[in-house]
Amino acid sequence: MNIRIFLLLSLLNGVYCIDFLRAENLPEKNHTAICVVEPMKILPDLSEWNDCKDEIRQDFEKTALQIKSMEESLQKKTHDLNNMGSAVKESSKDAKREEILSLRNDIELKRQLAQEHVSRGQQETEMKVLASVANTSKKIAQEHDLDLVLANVAHASDRVDISQPFKDQMNKDYVSRTKKSDAKDNSVTLPTIHFTPKIRVIEPISIVNQLEERSTIENSIKKEVEAKVKQIKTLEESLQKELMDLQTANPSMSLEAKEKKREKVLSLRNDIELKKQTAQESFERLQQDAELKILNMIAQTAKDYAKLHTIDIVLANVIYASERVNVSAEFVDQMNAQYKKEPKKSKKEIKEDDFAVSIRVIDPLKIINGLDEWKDQVTDITKELEERMKAIKKLDETLHQKTQELQNMGSAVKASVKETKREELLTLHDEIERKKQTFQEYAERLQREAEMKMFEKLSQTAKIIAQKLGVDIIVANVVYAVEDMYVSGEFITYLNNEYRNKKAKDVVLPKQQESDKNPAALKK
């Protein structure tokens, strides 16, 4: 599951009351058979996963070789241009410059396309493997009478962890599907689950926000990022100085001198872009390392806590948990004590009866895609972004037009005129790149805000439905669950009714408007 969505699902807010649901609608069972699959245990050994990764890597390596060849050609052309003497016609130099500019653009486009191809390949691979996981989960669950298959839990005991047989089943199915084997026996053996596992829940957001070690980690990242930003700022100041020198250059400055200035400006631009990219990658890596460190700390605490209380599963990816099964506060105390090197907290006794928990499941994407409010938001966002994109498209057209004008300039046109045109192109190109970057950031922010709003509504609704039905835990995005455990339909019905009622209240008829201003108008 995406880490951002995983964290969003931990938000719990709001208390309401509903009447359309009844506790008797929930099926009665003697026990709930639950097993756990740990993706990180099975992915490295999945044949399908590794085959797909190899295909992506081979495609990327081919493209990388093509880009390398183009870069070598660019270096040669640039070297040829720099070594052209004063006897060479200016038109020949202009033609060489155009070749270099065109090749630079081709290299940048090929890099971008290669990155998009890799990203698309990774997404397709993930989708294929997720589909295989879903099929395997259903197969195993039906064969072994399981009610629920969970993934990405904070801790699972050996008696409920089926990662190894799950991996074996996926590899057998993949071999059979790709006709690499004609093996007839294509099923795995699981221990029969005749019990309801002992379960507790934690809220990662709540824990992370209360960790004393968090500020130490954040300050370390901040210092490293500030140092890189300072280097970039120095380079940007040098670039501005070089641009100013170029713009205010003495008319008598030779073309060779101006060309060297332009090359220096271009080199600085490239250095700045490279350092920005490197800084961004470094920042993301530091954040990922910090997240991984904290997640590992939580996982270890979960393991220790589970061992202490003989718990089978510690869940972290739930959308709702009642207070009696939520042990986040105990995790915070334990982790802060460990950070300060204080003695471990004493064991808090849990009675056997306290382990009886009721669980229900939702599919967040199914719910959101079924919400009228989400559909309206997507429509509004799309319209707004299309309007903003029109302005950028106009600038792109202007850039294309000016580029054509420069390319069509004959040898009779003065070098100073061409120089001015090139500067216009560079300025316009920079402006377009800035606007595109701003547009991308704005589009991502709109999407994040819309998603956050929807997930907050899911969290609020989860608490409403859980409290009405007396459910302890509502889990989202499970690997597999029997239909009786899903309550996604109730979420869609409730949220759509709320949204329609709100829209109805917001509609004011013309006659009502007139009567509000003049009560006597209704009597007429």
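### Section: the overall build of the protein
In terms of regular secondary structure, the protein is built from 14 helices and nine strands. Per-residue burial over the protein gives 37% buried out of 524 residues. In the protein, the proportion of contacts linking residues at least 24 apart, taken out of those at least 6 apart, comes to 87%.

### Topic: the pattern of salt bridges
Side chains bearing opposite charge may pair, as long as their charged atoms lie close to each other. Tallying each qualifying case throughout the model produces 35 salt bridges. Among the ionic pairs, Asp80 bridges to Lys76, the shortest N-O distance being 3.3 Å. With Asp80 and Lys76 both in helix α3 (residues 47-82), this residue pair falls four residues apart, about one helical turn. Given the relative accessible area of 54%, Lys76 is considered exposed. The closest approach of N and O atoms between Asp312 and Arg159, which form a salt bridge, is 2.6 Å. Here Asp312, found in the loop between α8 (255-309) and β5 (313-315), pairs with Arg159, found in the loop between β3 (155-156) and α5 (163-177); they are 153 residues apart in sequence, far enough to count as distant. Using a relative accessible area of 4% as the deciding quantity, one classes Asp312 as buried. Taking the relative accessible area as the measure of exposure, Arg159 reaches 42% and is therefore partly exposed. Within this structure, Asp94, Arg97, Lys418 and Arg422 form a network of salt bridges that share partners.

### Remarks on α8
Note that an α-helix has 3.6 residues per turn; residues three or four places apart therefore point the same way. Between the first and last C-alpha of α8 there are 80 Å, a value that for 55 residues agrees with the 81 Å anticipated at 1.5 Å per step. Of the residues trailing α8, Thr310 is marked for its positive phi of about 50°.

### Regarding the confidence of the model for the protein
One rule of thumb: low pLDDT means the predicted coordinates there are not for detailed reading. Taken as a whole, the protein shows an average pLDDT of 82; of its residues, 85% reach a score of 70 or greater. The model gives residues 1-29 a pLDDT under 50, and that stretch makes 68 contacts with residues more than four places away or in other chains. Throughout residues 512-524 the model reports pLDDT below 50, and contacts reaching past four residues in sequence, or to other chains, amount to five contacts.

### A closer look at the sheet that holds strand β6 (residues 318-321)
Two orientations exist for strands paired in a sheet by backbone hydrogen bonds: parallel and antiparallel. With respect to topology, three strands assemble into an open sheet ordered β6-β8-β7, the strand pairing being mixed. Looking at which strands have only one partner, the edges of the open sheet turn out to be β6 and β7 (359-362). Pairs of neighbouring strands in the sheet enclose a mean axial angle of 15°, with direction left out of account. Note that β6 and strand β8 (residues 473-476) share three bridges and pair antiparallel. By the bridge assignment, Val318 is partnered in β8 with Val475. Along the sheet face, helix α12 (residues 415-469) touches β6 and β8 and points at about 40° away from the line of β6.

### Here's the deal with the nonpolar core
Core analysis: the largest hydrophobic core is formed by 43 residues, its most contacted members being Leu148, Leu150, Ile313, Leu315, Ile359 and Ile473. For Leu148, the contacting residues outside a window of four places in its chain are Ala33, Ile34, Cys35, Ile359, Val361, Val478, Tyr480, Ala481 and Met485. If you look at the next biggest cluster of nonpolar residues, it comprises 24 residues, including Ile368, Leu371, Ala450 and Ala466.

Calculation rules
Residues numbered from 1 in each chain as written. Predicted model: local features only at pLDDT ≥ 70, side-chain atom pairs only at ≥ 80, totals over all residues. Heavy atoms only, no water. Helix = DSSP H or I, 4+ residues; strand = E, 2+ residues; numbered from the N terminus. Buried < 20%, exposed > 50% of the residue type's maximum accessible area, 1.4 Å probe, protein only. Contact = heavy atoms within 4.5 Å. Salt bridge = Lys/Arg side-chain N within 4 Å of Asp/Glu carboxyl O. Expected span 1.5 Å × (residues − 1). pLDDT = per-residue confidence, 0-100. Pairing = 2+ DSSP bridges. Axes fitted to C-alpha atoms, helices over the stretch in contact; angles between N-to-C directions. Core = buried A, V, L, I, M, F, W, Y, C linked by side-chain atoms within 4.5 Å.

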